[in-house]
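# Observations on the three-dimensional arrangement
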Amino acid sequence: MTNQSPILAVADLSVDLGGRSILRDVSFDLYPGQLCALIGENGAGKTTLLRTLLGLITQRAGTVLIGAAPAREHRELVGYVPQKINFDPDLPLRTRDLVRLGLDGQRLGLPFFNGCTRHAVDQALQAVGAEDFADQRVGELSGGQQQRAVIAHALVRKPRLLILDEPLANLDFGSANALVDLLGRLIIQQQMTVLVTAHDMNPLIPVMDRLVYLVDGRAATGTVAEVVQAEVLSKLYGYPVSVLHHGGRILVLPDAPENADVANMNRCAGHGA
Ligand SMILES: Nc1ncnc2c1ncn2[C@@H]1O[C@H](COP(=O)(O)OP(=O)(O)OP(=O)(O)O)[C@@H](O)[C@H]1O
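Residues numbered from 1 in each chain as written. Predicted model: local features only at pLDDT ≥ 70, side-chain atom pairs only at ≥ 80, totals over all residues. Heavy atoms only, no water.

### Structural notes on empty space enclosed by the protein
- The tally for this structure, following the rule as stated, stands at 1 cavity of 30 Å³ or more.
- Roughly 150 Å³ of volume is contained in the largest cavity.
- Lining of the largest cavity is provided by 16 residues; of these, Gln83, Lys84, Ile85, Gly143 and Gln147 occupy positions nearest its centre.
- Its residues placed into classes, the lining of the largest cavity shows 9 nonpolar, 5 polar and 2 charged. (1 Å grid on protein atoms, 1.4 Å probe; cavity = no way out; pocket = protein on both sides within 12 Å on 5 of 7 lines; lining within 4 Å. Points joined across faces, edges and corners; volume = space filled by probe spheres on them. Nonpolar A, V, L, I, M, F, W, Y, C, P; charged D, E, K, R; others polar.)

Shown next as structure tokens:
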């Protein structure tokens, strides 16, 4: 597709945890400027995959290369936005302080701003549209504003790969749309690569060009058109499913309820994928 090298290359990745097989033979590549949605129901293995990419879990088999080197060697290329951080409203930390900690969070003490760091922090705040609440305490911000502050924290070191764990989970419709727009701008304006997990792919459809669809630790990967096909997903689920398109949304449903147990039906329909 391109003569560039992939920023992330995952090949035949298998991970075991607690003696159980959690991920099996997962393979996909991501290139600069791509946004990939990692979709799966509860327990499918999304967080395990992210933690493996971050070098926090060691795989049983397969490889993860970031910038053509093993994941642990290139952590500076990766920005990570965890699922949920609870900020105490009394915490004396402004948005710009939180972002500043993204530059040298390992140093103890209050953040110190010189001209260079101030510029980097201002750029990150601007990239996420957080200038208006830069001097407010993070604990006093709305959920959507906190999400932006944490993304700015991840962006301030200018990562090439930004990984976000379920960033849309606690946002209302408007805030979720605003965040999707922001991710779309990051891939276009900064040629950043974005990997974002979600239960429902629909809010991400306007901006995503790759999809990793996880079911019980196995993945179908490719473009949305390649992956979201009845034949591909039926094979992945292990029973027949249909793919319905309605009003710009995609729904995956089991074909014959009598062929799928109730748990399977719920999870198939449940992430609205
Ligand atoms: N440390 C562990 N030891 C044993 N099993 C684990 C461990 N961590 C996760 N698992 C199991 O691995 C499976 C995948 O979990 P994971 O958290 O990766 O799923 P997920 O797709 O992120 O789910 P959710 O959407 O609910 O966050 C689950 O069955 C979980 O119980």
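### Looking at the sheet that holds strand β1 (residues 8-17)
- The 4 strands lie next to each other as β2-β1-β4-β5, forming an open sheet whose pairing is antiparallel. Where the open sheet ends on each side, the last strands, each with one partner, are β2 (20-30) and β5 (69-70).
- Set on the sheet, helix α1 (residues 46-53) makes contact with β1, β2 and β4 (61-66); between it and β1 the angle comes to about 120°. (Pairing = 2+ DSSP bridges. Helix = DSSP H or I, 4+ residues; strand = E, 2+ residues; numbered from the N terminus. Contact = heavy atoms within 4.5 Å. Axes fitted to C-alpha atoms, helices over the stretch in contact; angles between N-to-C directions.)

### Describing helix α2 (residues 95-104)
- Burial analysis of α2 places 8 of its 10 residues in the buried class, the great majority of the element.
- Those residues of α2 lying buried are Thr95, Arg96, Asp97, Leu98, Val99, Arg100, Gly102 and Asp104. (Buried < 20%, exposed > 50% of the residue type's maximum accessible area, 1.4 Å probe, protein only.)

### Regarding the environment of Ala61
- Here Ala61 lies in strand β4.
- Take Ala61: its relative accessible area is 27%, and that puts it in the partly exposed class.
- Considered as a pair, Ala61 and Asp16 are 45 residues apart in the sequence and their alpha carbons are 9.3 Å apart.

### Topic: unusual backbone geometry
- Positive phi outside glycine occurs at Asp12, with the angle close to 50°.
- The exposure class of Asp12 is partly exposed, given its relative accessible area of 46%.
- Although it is not a glycine, Asp25 adopts a positive phi angle of roughly 55°.

### Remarks on the site of the ligand
- With respect to spatial proximity, 14 residues lie near the ligand, and among them Asn42, Gly43, Lys46, Thr47 and Thr48 are the closest.
- In this structure, an oxygen atom belonging to the ligand sits 2.9 Å away from a main-chain N or O atom of Gly45.
- Measuring from an oxygen atom of the ligand, one finds a side-chain N or O atom of Glu166 at 3.4 Å.
- Secondary-structure elements contributing two or more residues to the shell around the ligand are β2 and α1. (Near = heavy atom within 4 Å. Polar contact = N/O pair within 3.5 Å; in protein donor to acceptor, adjacent residues only side chain to side chain.)

### Things to note about the sheet that holds strand β7 (residues 161-164)
- Strand order in this open sheet of 6 strands is β6-β7-β8-β3-β9-β10, and the pairing throughout is mixed. Bordering the open sheet on either side are β6 (78-81) and β10 (218-222), each of which pairs with just one other strand. For this sheet, the mean inter-axis angle between neighbouring strands, taken without regard to orientation, is 15°.
- Bridge count between β6 and β7: 4 bridges; the pairing is parallel. What sits directly across from Tyr80, in β7, is Ile163.
- Lying over the sheet, helix α4 (residues 143-155) contacts β6 and β7, oriented at roughly 160° with respect to β6.
- Sitting on the sheet, helix α7 (residues 230-237) is in contact with β9 (210-215) and β10, with an inclination near 35° to β9.

### Description of the packing of aromatic side chains
- If you walk through the whole model with that rule in mind, you get 2 aromatic pairs.
- Arranged with centres 5.6 Å apart and planes meeting at 40°, the rings of Tyr237 and Tyr239 form a pair that is tilted.
- The class of Tyr237 is buried, set by a relative accessible area of 7%.
- Tyr239 gets classed as buried once you look at its relative accessible area, which sits at 7%.
- An aromatic cluster is built from Tyr213, Tyr237 and Tyr239, whose rings are joined through pairwise contacts. (Phe/Tyr/Trp six-rings, centres within 6.5 Å; stacked < 30°, edge-to-face > 60°.)

### Some words on the packing of α2 against α4
- Direction vectors running N to C along α2 and α4 enclose 30°, while the axes themselves pass 7 Å from each other. When the interaxial angle is binned, α2 and α4 end up roughly parallel. Relative to α4, α2 is oriented so that their crossing is right-handed. Across from Thr95, Leu98, Val99, Leu101 and Gly102 in α2, the residues of α4 making contact are Ala149, Val150, Ala152 and His153.
- The class makeup of the residues in the contact of α2 with α4 is 6 nonpolar, 3 polar and no charged. (Parallel < 35°, antiparallel > 145°, perpendicular 65-115°, else oblique. Left-handed = near helix turned anticlockwise from the far one by under 90°.)

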